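# A structural walkthrough
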Amino acid sequence: EIAREKAGIIKPNRPVFVGAVPAEAEIEIRTAAQRANAPIEVFGRDFFLEDVELISSGRCFRFAENFLKKAAHDQRNLALALRVGQALDLNDSALQRGLEICRWPGRLERRRDPAGDAEILFDVAHNLDGIGALADFLLDESKIKLPHRASFVISILEHKDWHQMLARLRGL
């Protein structure tokens, strides 16, 4: 249903770029693109992500080591943004500059508490997929080392699947 609503912005004969979405969402988007005679490119099929350095050779994006500290969903989102940048004919230096200044406030945003005693990680995960991506990131010890005991402050809207969201964080 959400994919159908989002696909409503597809314009006739204008390219459509799709990030990592569930198969059923991709079907909805693909159907809307076909109706609009809009060419479509999908992450993982038409453009890809590799982990080395930024080289936008063709449609495969490679990232520098420091970017690998981002969660996988952020890396996929960035690959999507870079592909759109290419379609807009931005050159490699413009894409590189975008990488250098890119910030996602509230997405795996690290801060030190005022006393400097602890690291605080802010993330605005607002659905089950976002919580899943956050949990995966926290479980990947190469990206972050959790203290023996971590505390979470969580706010979830009543209509969200909060039981599942909290279950995904249990045990971290």
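Residues numbered from 1 in each chain as written. Predicted model: local features only at pLDDT ≥ 70, side-chain atom pairs only at ≥ 80, totals over all residues. Heavy atoms only, no water.

### Some words on the overall build of the chain
Across its full length, the chain holds 6 helices and 6 strands. Starting at the N terminus, the α and β elements of the chain follow one another as α-β-α-β-β-β-α-α-β-β-α-α. Per-residue burial over the chain gives 32% buried out of 172 residues. Sequence-distant contacts in the chain: of pairs separated by 6 or more residues, those separated by 24 or more amount to 45%. Only carbon and sulfur atoms are counted for the fraction: they give 52% of the accessible area of the chain, which is about 11700 Å². (Helix = DSSP H or I, 4+ residues; strand = E, 2+ residues; numbered from the N terminus. Buried < 20%, exposed > 50% of the residue type's maximum accessible area, 1.4 Å probe, protein only. Contact = heavy atoms within 4.5 Å. Areas by Shrake-Rupley, 256 points an atom, 1.4 Å probe, with all protein chains shown as cover.)

### Some details on the packing of aromatic side chains
Overall, the coordinates contain 1 aromatic pair when judged by the stated rule. Ring centres of Phe 43 and Phe 47 lie 5.7 Å apart, and the angle between their planes is 70°; this geometry places the pair in the edge-to-face category. The exposure class of Phe 43 is buried, given its relative accessible area of 17%. (Phe/Tyr/Trp six-rings, centres within 6.5 Å; stacked < 30°, edge-to-face > 60°.)

### Here we look at the confidence of the model for the chain
Put simply, the chain has an average pLDDT of 79, and 80% of its residues get 70 or more. Within the chain, no element has a lower average pLDDT than strand S4 (residues 60-62), which sits at 53, and none a higher one than strand S1 (residues 16-18), at 95. (pLDDT = per-residue confidence, 0-100.)

### As for unusual backbone geometry
Phi angles above zero are rare outside glycine, and Asn 13 is one such case at about 60°. For Asn 13, the location among the structural elements is in the loop between helix H1 (2-6) and S1.

### Digging into the pairing of strand S5 (residues 109-112)
Sheet topology note: the S5/strand S6 (residues 119-122) ladder contains 4 bridges and is antiparallel. When the sheet's bridge partners are listed, Glu 109 is paired in S6 with Phe 122. (Pairing = 2+ DSSP bridges.)

### Brief notes about the packing of helix H5 (residues 128-139) against helix H6 (residues 162-169)
As a packed pair, H5 and H6 sit with axes 9 Å apart at the nearest point and diverge in direction by 5°. Relative to H6, the element H5 is oriented roughly parallel. Side by side, H5 and H6 meet where Leu 128, Ile 131, Gly 132, Ala 135 and Asp 136 of the first sit next to Gln 164, Met 165, Arg 168 and Leu 169 of the second. When the residues that make up the contact of H5 with H6 are grouped by side-chain class, the tally is 5 nonpolar, 2 polar and 2 charged. (Axes fitted to C-alpha atoms, helices over the stretch in contact; angles between N-to-C directions. Parallel < 35°, antiparallel > 145°, perpendicular 65-115°, else oblique. Nonpolar A, V, L, I, M, F, W, Y, C, P; charged D, E, K, R; others polar.)

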